[in-house]
Amino acid sequence: MNAADIWESLFAESLEKPIELKTKTGLNFKLVTNGKILTVYESEIVPSSKLKSPRPIYKDNFIKVYAYYERWLAGEKGISKEITAITGNSVYIMAAISYQTNQR
C-alpha cells in the first residue's frame, strides 16, 4: 500500500467508528474523521495520550510523514527529529501507519 491508500483506508474505517490506537510508547488515542480530515482525540483507555485539544491530521502531512516510515521503523538515529519538523503529530501518524500496515 502507498500513503494515499493507507490514508483512504484509515479514513473509511474511522467514518464507521473511531479507531483506537497506541503510540510506540504505549499511550492510547482515538482516530476519528469528520468527513474531511482525521483527528486525534484522547482515549478512554488508560494510559491515554494527554491532549490539550484534538489534533487534526491533514492528508498532505500524512503523506509527507509516510515517506519516513521505513526509516523510522528501522530505528534510524535522528529520524524522529526530521519527522517532527514536518508535524508535531508524527507520533500519531506513525502509529496509524503501523496499525494499517500490520492489518494486511
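Above this text sits the structure in question.
As the structure is a computational prediction, the values presented were derived from the model and not from experiment. (Residues numbered from 1 in each chain as written. Predicted model: local features only at pLDDT ≥ 70, side-chain atom pairs only at ≥ 80, totals over all residues. Heavy atoms only, no water.)

(A) Up close: the overall build of the chain. The secondary structure content of the chain amounts to 5 helices and 4 strands. Mapped from its N terminus to its C terminus, the chain presents α and β elements in the order α-β-β-β-β-α-α-α-α. Rg of the C-alpha trace for the chain: 13 Å, near the compact-globule value of 13 Å for 104 residues, within the 12% margin. By its C-alpha atoms, the chain is 35 × 30 × 25 Å across when sized along the principal axes. Nonlocal contacts in the chain, meaning residues at least 24 apart in sequence, comprise 44% of its contacts between residues at least 6 apart. Entry remark: accessible area of the chain is about 6100 Å², with carbon and sulfur atoms responsible for 55%. One finds the centroid of the 14 positive side-chain charges in the chain at a distance of 6 Å from the centroid of its 11 negative side-chain charges. (Helix = DSSP H or I, 4+ residues; strand = E, 2+ residues; numbered from the N terminus. Rg over C-alpha atoms; globule rule 2.2 N^0.38 Å. Contact = heavy atoms within 4.5 Å. Areas by Shrake-Rupley, 256 points an atom, 1.4 Å probe, with all protein chains shown as cover. Lys, Arg positive; Asp, Glu negative; His and termini not counted. Charge placed at Lys NZ, Arg CZ, Asp CG, Glu CD.)

(B) Just the packing of helix 2 (residues 59-66) against helix 5 (residues 90-102), in detail. Two elements in contact, helix 2 and helix 5, have axes whose closest approach is 10 Å; the angle formed by their N-to-C orientations is 70°. In this view, helix 2 runs roughly perpendicular relative to helix 5, as classed from their interaxial angle. The segment helix 2 lies against helix 5, with Asn61, Phe62, Val65 and Tyr66 engaging Ile93, Met94 and Ile97. Partitioning the contact of helix 2 with helix 5 into residue classes produces 6 nonpolar, 1 polar and no charged. (Axes fitted to C-alpha atoms, helices over the stretch in contact; angles between N-to-C directions. Parallel < 35°, antiparallel > 145°, perpendicular 65-115°, else oblique. Nonpolar A, V, L, I, M, F, W, Y, C, P; charged D, E, K, R; others polar.)

(C) Quick look at the sheet that holds strand 4 (residues 55-57). Here 4 strands make up an open sheet; going across it, the order is 1-2-3-4 and the pairing antiparallel. Edge positions in the open sheet fall to strand 1 (19-22) and strand 4, since each of these has one partner strand only. In this sheet, adjacent strand axes meet at a mean angle of 35° when their direction is disregarded. (Pairing = 2+ DSSP bridges.)

(D) Here's a closer look at the packing of aromatic side chains. Enumeration over the complete set of coordinates arrives at 4 aromatic pairs. With centroids separated by 5.4 Å and ring planes inclined at 65°, the aromatic side chains of Trp7 and Phe62 adopt a geometry described as edge-to-face. On the criterion of sequence distance, the pair formed by Trp7 in helix 1 (residues 3-16) and Phe62 in helix 2 is long-range, its members being 55 residues apart. As far as the burial class goes, Trp7 and Phe62 line up, both buried. Members of the aromatic cluster, each reached through a chain of ring pairs, are Trp7, Phe11 and Phe62. Cation over ring: Lys24 sits above Trp72, and NZ or CZ is 4.5 Å from the ring centre. (Phe/Tyr/Trp six-rings, centres within 6.5 Å; stacked < 30°, edge-to-face > 60°. Buried < 20%, exposed > 50% of the residue type's maximum accessible area, 1.4 Å probe, protein only. Lys NZ or Arg CZ within 6 Å of the ring centre and 35° of its normal.)

(E) Summary view of the nonpolar core. Among the nonpolar cores identified, the biggest contains 25 residues, and Leu10, Leu31, Phe62 and Met94 are the most heavily contacted of them. Each residue touching Leu10, except ones within four places of it in the same chain, is listed here: Ile19, Leu31, Leu38, Phe62, Ala96, Tyr99 and Gln100. (Core = buried A, V, L, I, M, F, W, Y, C linked by side-chain atoms within 4.5 Å.)

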